[in-house]
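If you want the building blocks of each chain, they are given just below.
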Amino acid sequence: MRVALAEDGALFREGLLMLLQATGHEVVGATADGDSLLDLLATEPCDVAILDIRMPPEPDGGLITAERLRAKYPDMGLLFLSHYAESHYLMRILNIGTDAIGYRLKEKVGSVDVLSDTLDRIRDGEIVIEPSLAKRLVERPRGEKKGLVASLSERETDVLKLMAEGRSNNGIAGQLFVTPKAVEKHIANIFGKLGLHADTSENHRRVLAVLAFLRSQRDDD
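Cut-offs used in this document
- Residues numbered from 1 in each chain as written.
- Predicted model: local features only at pLDDT ≥ 70, side-chain atom pairs only at ≥ 80, totals over all residues.
- Heavy atoms only, no water.
- Core = buried A, V, L, I, M, F, W, Y, C linked by side-chain atoms within 4.5 Å.
- Buried < 20%, exposed > 50% of the residue type's maximum accessible area, 1.4 Å probe, protein only.
- Domains from an automatic or database assignment.
- Contact = heavy atoms within 4.5 Å.
- Helix = DSSP H or I, 4+ residues; strand = E, 2+ residues; numbered from the N terminus.
- Pairing = 2+ DSSP bridges.
- Right-handed = clockwise from strand over helix to strand, strands pointing away.
- Polar contact = N/O pair within 3.5 Å; in protein donor to acceptor, adjacent residues only side chain to side chain.
- Arc of directions from axis to C-beta.

As recorded in an unreviewed UniProt entry, the chain goes by the name DNA-binding response regulator, listed as coming from Pseudonocardia sulfidoxydans NBRC 16205.

Encoded structure:
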């Protein structure tokens, strides 16, 4: 696919550029800041833009740049990279969009397989959340659950937590010591209670359910 890159760290930028080329992607340009990326993409269309969260022109310039890109090129995928797995970054990313978007740690995308899988999923319209961040969010003690998530039973909440960690139905069944059929029933109940009806794909409904859960876990401050 056609990929553009904005990263102010020269060493990491060059390393990622080499990795992208090794995976067979066409890199249309690599810049050191968000403004240069916007100028580049005005003449060089791409499928996915990769952005460092903390870069010029603002302290969190990748997020500012992404907001402008999503408004101008709504079909372009966005992959955010950071040294830090921070929930406040994730919530800002979710406000930018929930389709064709990803948030990964820099240290986790240093292999061809992980980088290619992440880019493919974003190009296909998925949201890709750093697993360690999703796991930390779902395990963090919280107060009263918010919104429709509060209507879930304790077992349905357990299933949704494991979905947020990226586990398959069989993986969830193994963790909860139940049958895959039972997991399917719980997931159907979750979809129903969250108002996620069968007019969208199973995978998309799983993503939306996980997003609803993660949003319910937000701090009140």
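Now that the structure has been shown, we can carry on.
What follows concerns the nonpolar core. One finds Leu 78, Phe 80 and Met 163 to be the most contacted residues of the largest nonpolar core, which totals 54 residues. Residue contributions to this core reach at least three from each of two domains, namely domain 1 (2–139) and domain 2 (146–218). Contact partners of Met 163, with chain neighbours within four places excluded, come to Ile 172, Ile 187, Ile 190, Arg 206, Ala 209 and Val 210. Counting 18 residues, the second largest nonpolar core, distinct from the first, contains Leu 5, Leu 20, Leu 81 and Val 109.

This paragraph deals with the pairing of strand 3 (residues 48–52). By the criterion of burial, strand 3 is predominantly enclosed, with five of the five residues buried. Judged by which residues are buried, strand 3 turns out to be covered on both faces: Val 48, Ile 50 and Asp 52 on one side and Ala 49 and Leu 51 on the other are all buried. Here strand 1 (residues 2–6) pairs with strand 3 via four bridges, running parallel. In the sheet register, Ala 4 faces strand 3, and the bridge partner there is Ala 49. In terms of strand pairing, strand 3 meets strand 4 (residues 77–82) through five bridges, oriented parallel. Within strand 4, the residue paired with Val 48 across the bridge is Gly 77. Handedness of the crossover joining strand 3 and strand 4 through helix 3 (residues 61–72) is recorded here as right-handed.

This part covers the side chain of Thr 23. For Thr 23, the position within the fold is in the loop between helix 1 (10–22) and strand 2 (26–31). According to the relative accessible area criterion, Thr 23 is buried, its value standing at 19%. Within polar-contact distance, the side chain of Thr 23 engages the side chain of His 25 at 3.5 Å. Once residues within four sequence positions are removed from consideration, Thr 23 is found in contact with Val 112 and Ser 116.

Looking now at helix 2 (residues 34–41). Within helix 2, burial applies to Gly 34, Leu 37, Leu 38, Leu 40 and Leu 41. Buried residues in helix 2, looked at end-on, bunch into an arc of 160°, giving them a common side. Packing partners of the buried residues in helix 2 comprise strand 1, strand 2, strand 3 and helix 3. The opening residue of helix 2 is Asp 33, an N-cap whose side-chain oxygen sits 3.1 Å from the backbone nitrogen of Asp 35.

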